[in-house]
Structures are given as C-alpha cells and as structure tokens.
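Residues per chain, in single letters:
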Amino acid sequence: MDEVIQVTQWLSSITPRKKAKLFFFTTHADAPSPMVGSNDVDTHEETQLPLATTVALHNFKNIDEFLKKKVNTFSCYNVIENEITKTDYEYLRFYSACKYLDVVQPFLDLEKISAIQNKFEMTDEERDYRLLLDSADLVLEKVCDSLKPAGVSQMWTALRKDRNLIRGVKTIDIIGFFVDPNPTGIKECLFFFIVRFLQKADKINRVNTNRLGRLIAQCDESSSCEEGKTIDFIIDSLRFYPTELYPFGFCLIMCVIEGRDGAMQEIEKTMEISRHLGMITHTEKNPTKETIELVKRELMKPKYQFYSSFTCWFMSHGDSNSMVLADGETIEREWFLTSFPDISTFQLKPKVFFMVSCRGANKFSLKGDEFEGQSATCDYYDIGSALIRNRMLDITDSVRDISYVQPMMDTLVAYSTILDHLSGRANTHGSIYVDRACVLLSENISRGRSLTEILEHLSQDLHEILQETMDEDRIVYKQACHYDSFFRKTLKLPYTRHPKEDVHSAPQ
C-alpha cells in the first residue's frame, strides 16, 4: 500500500483528543543537549501556531499536516552511527508518545528506533518506551484531563488579562478573546497552547509551575472541574516532582567493601529497594576518586536526560568532613554533594543522596543495666519474611526504646538563606522570607498539607523572586532557603483556621 495512503488512514483512526496529546508530547519543551542539528532557532511556529489555528478554526488540518511531516521525516531519515541528532531525539519521543496513546502506526520502522537507542548507548532496561516519555508532560496531561472545557476557557480568559505577558504575541490574537472549547479535542489544544506559551515565555518549567497554578486558581470550581476533582486537587498535583511512569529514576550505588563488614548486604538491600521503587540501578563497588569522575562523565551522556530523578547511595567509612575510599584516599563530603547536582542531565529534577558513613566518634550513650547486651546489630536476630524483608533484620520489641531521645530528634531547622549568602529585606515589609512563609502558611491552613510541603513550596516561591541590595551598587540577586529535618512523623497544618482573639474581651 502507498505510504501516503497509510499515513492518511492512520491519522483518520486517531481521535481529536489523542491528536492533540500526540502533538503536545512530540513538541516537547526541553530537548537533550548537546545535539547535532539543534541550532537555537525559534520553534514558535512549529509548537504554537498549529494549536492556535486548531482552536480558532475548530479544524485539525494543521496538526494533521504537522504529524504527516514528522512521519515523512522519520521515513526518509538515515541514522548516523556516531552522532546524536535532533531527529534522533524527536523520533524516540514520537515513538514513545504513539506507544503511550496506543496509536502506533503499523509502518513504523522499529529497526531504526533500535539503531537510535544504540547511539544513546541504552541498555535493555532503558529501551522501555516509558523512559522516553517526559514525566512533566504526563502531569500536565492529567491536569488537562481533570478540567472541563469551561475550566480551560476560564484559564484562557485569565491569561488574556495579563497584558504585559501577551503583548505582541500573534498566536494569542489568532485564537481571540472568546473561545468555544467544547468540540472534541479543542479543550486539549487550548490547554496545551497555554502550557507551551508559558514555557516559551519562561514563566513555567518542570519545577516552577506557580504561574500555571495561579491561572487554575482563578477558575470557578463548580463549572471547571471534572467529576470527583477540585481546584485544590488539581493545583496540588503540580506541587510534586513529576515522576509519573516507570522508571522512577536512576539510582547510583557506591559502596566501599574493604574493611566494612556487611558491605555486600548493603549493596543487595539498596539494589533491591531501588528496583522495588522502579529505578534503573548501577552499582560501583570499592569506588575511588577516578571511579567517581568516570561516573560523573557517564551521567552527562544525553540518555540520562530521559530520567526523571536521581538517587545516590554512598556507603563508606568517614569523619566529620570526609569519606574514605577503597584505596585509602579521602574525599570531602561537601565536594561530593555539590559536584553531582551540577550535572546538566538532571537539572530541574529531584536528586536524593543517602550518605552512609560515620561523621565523627562521639556516641549518645545510654547508661543502665537494662541496656546491656541489647543491640539491633547483633547477629542472632531472625531474618524476616518474603520479598524485601528476607534480608532485613527482624527488630524485636526488646531492642526498642522510646524513653531516651537524641536532642535533635523531632526538630526541623528552616534557614532563610544558604551559608555565606544574603537574606533579603523589603524597606516596608521586613524579611522577604518571613513574608512569604506567613503567606503560604496562611493559605494552606485547612488544606491538610504538611509543613515540609509548604517549605518546599516556599523554596520555589522565594527563589523565583528577584531582589535588590539596598546599598549603592543595587545588585539584583536571588535568595535560596533550605531546611534540615530530623522529623519522625509528618507535621500537618491544622484543619481549622482559628479566629483572631478579641483583645477587648474579658478572660473566661
């Protein structure tokens, strides 16, 4: 059968909603770099104009033409063996989106996809199509699915009111002020246009989504949400790191075995738990400085941009400032922790470090005869049951105690700024940190959120604000806050907003 006929038949079999989503996933906002053929050209026409005309005309002709063009490009594409190109990346994204939406065309060249995956040096585990999907786009898809056409229309009205943001944007004028989002697929096109527009305007990204949340917050809940959904529920979904599908992320396990009893068990346990969490795992036994540098260079390869999170377990001997490597050399813990977050492939993605080593020689000693001979590190405890517990210690009640507590337990220390940096103030309102913290705490009373959730939101909110020094230099800067947590439970704000006390009333 002629390929043109095949493509036409394929497009006719796809619903308008799925066409809108396929276009959205294919015109992904972020692309791996460095890449051949990814010159800094304006992709405004390619990513926004087809959506704008579809919404304005209630006609999917331009999106169909875009998808046909993609299929034709991939059909004629010759895979270059030694260089990763922009088309390689687009081909993988297009393939994964088709698989996800269950609209894979029968004429898709799977051998070509395999050849591209070879160029990315993907392992068998990494060839799962779900790795190639962008988890941030999947979160936005769910937000769209939670909104009725009227809700997206209200978001559009709110966006149009921001004159400074939309001034001079032709695609905004193409759509017009009043939109009918009810025809099938038009709601999706309008929502995805809003998202891509905000991304191109550098107002939102995979972490900073406050601007989109504020648009949703202006919707009328009774008319804007699908059944079972609320405005708060939808906005809440934007407050988590996007880690939607398998794999959950990439896990690096580094463990010094020499001179450390039980080190192999540490490796087995961390590997097993990372796999249960849906991570793809790499293990380095007895790491040295050279090993660490090699791993860092490996993590800079383009394929790691497909991962949605990074976790590292580092297990060794250590002291207050450093960790001991397999060859007896030491590395500064601070250097290790600050060097990995700089890797570009994991920017704007959660990075978790489990640093397992001594940080000194002091002990919080418990005195008394009742504690003698009681220790969870003895070897006489039975190993637990199936799955992950079969290698874990069975901690019995005889070695548990709740009467003696380390002084720092149940403490959370929140800092308005990081070490050696300014903490900004406003002439009339005082500390910017205190102001934003009070606003967010007030807004979240009765919503059932935890304090740590709010502090994470505060960290995002504060770091978006441009501040200026009050001296003669008038330097513009950003402020970053952080916290150290020793919590053993989650602290939630109260569900009831207590009224302000009447200072004039008599005491009861």
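Everything numeric here is computed off the predicted structure, so don't read it as measured data.

### Focus: the overall build of the chain
- Scanning the chain from N- to C-terminus turns up 21 helices and 12 strands.
- For the chain, with 508 residues in total, the buried portion stands at 43%.
- For the chain, the proportion of contacts with a sequence separation of at least 24, taken over those separated by at least 6, is 73%.
- Summing over all exposed atoms, the chain offers an accessible surface of approximately 28,200 Å²; the carbon and sulfur share of this is 51%.

### Concerning the nonpolar core
- Of all hydrophobic cores here, the largest spans 95 residues; its most connected members are Phe191, Ile194, Leu212, Phe336 and Phe340.
- The dominant element in this core, judged by the number of residues it contributes, is helix H13 (residues 186-200), at 10 residues.
- Ile432, Tyr433, Ala437 and Cys481 belong to the second-largest nonpolar core, a separate cluster that totals 13 residues.

### Some remarks on a nonpolar patch on the surface
- Taken together, the side chains of Phe248, Ile273 and Leu277 define a hydrophobic patch exposed on the protein surface, amounting to about 240 Å² of accessible area.
- Tracing the chain through its elements places Ile273 in helix H17 (residues 263-276).

### Focus on the packing of aromatic side chains
- By the definition in use, this model includes 23 aromatic pairs.
- Taken together, a centroid distance of 6.5 Å and an interplanar angle of 10° make the contact between Phe250 and Phe310 stacked. One end of the pair, Phe250, is in strand E1 (residues 249-255); the other, Phe310, is in strand E3 (residues 310-315), with 60 residues separating them in the sequence.
- Judged by its relative accessible area of 2%, Phe310 falls in the buried class.
- Summarising the aromatic geometry, the rings of Tyr304 and Tyr307 are spaced 5.7 Å apart at their centres and angled 20° between planes, so their arrangement reads as stacked. As far as the burial class goes, Tyr304 and Tyr307 line up, both buried.

Rules of the game
- Residues numbered from 1 in each chain as written.
- Predicted model: local features only at pLDDT ≥ 70, side-chain atom pairs only at ≥ 80, totals over all residues.
- Heavy atoms only, no water.
- Helix = DSSP H or I, 4+ residues; strand = E, 2+ residues; numbered from the N terminus.
- Buried < 20%, exposed > 50% of the residue type's maximum accessible area, 1.4 Å probe, protein only.
- Contact = heavy atoms within 4.5 Å.
- Areas by Shrake-Rupley, 256 points an atom, 1.4 Å probe, with all protein chains shown as cover.
- Core = buried A, V, L, I, M, F, W, Y, C linked by side-chain atoms within 4.5 Å.
- Patch = residues over 30% accessible without salt bridge, like charges linked within 9 Å, V, L, I, M, F, W, Y side chains within 5 Å.
- Salt bridge = Lys/Arg side-chain N within 4 Å of Asp/Glu carboxyl O.
- Phe/Tyr/Trp six-rings, centres within 6.5 Å; stacked < 30°, edge-to-face > 60°.

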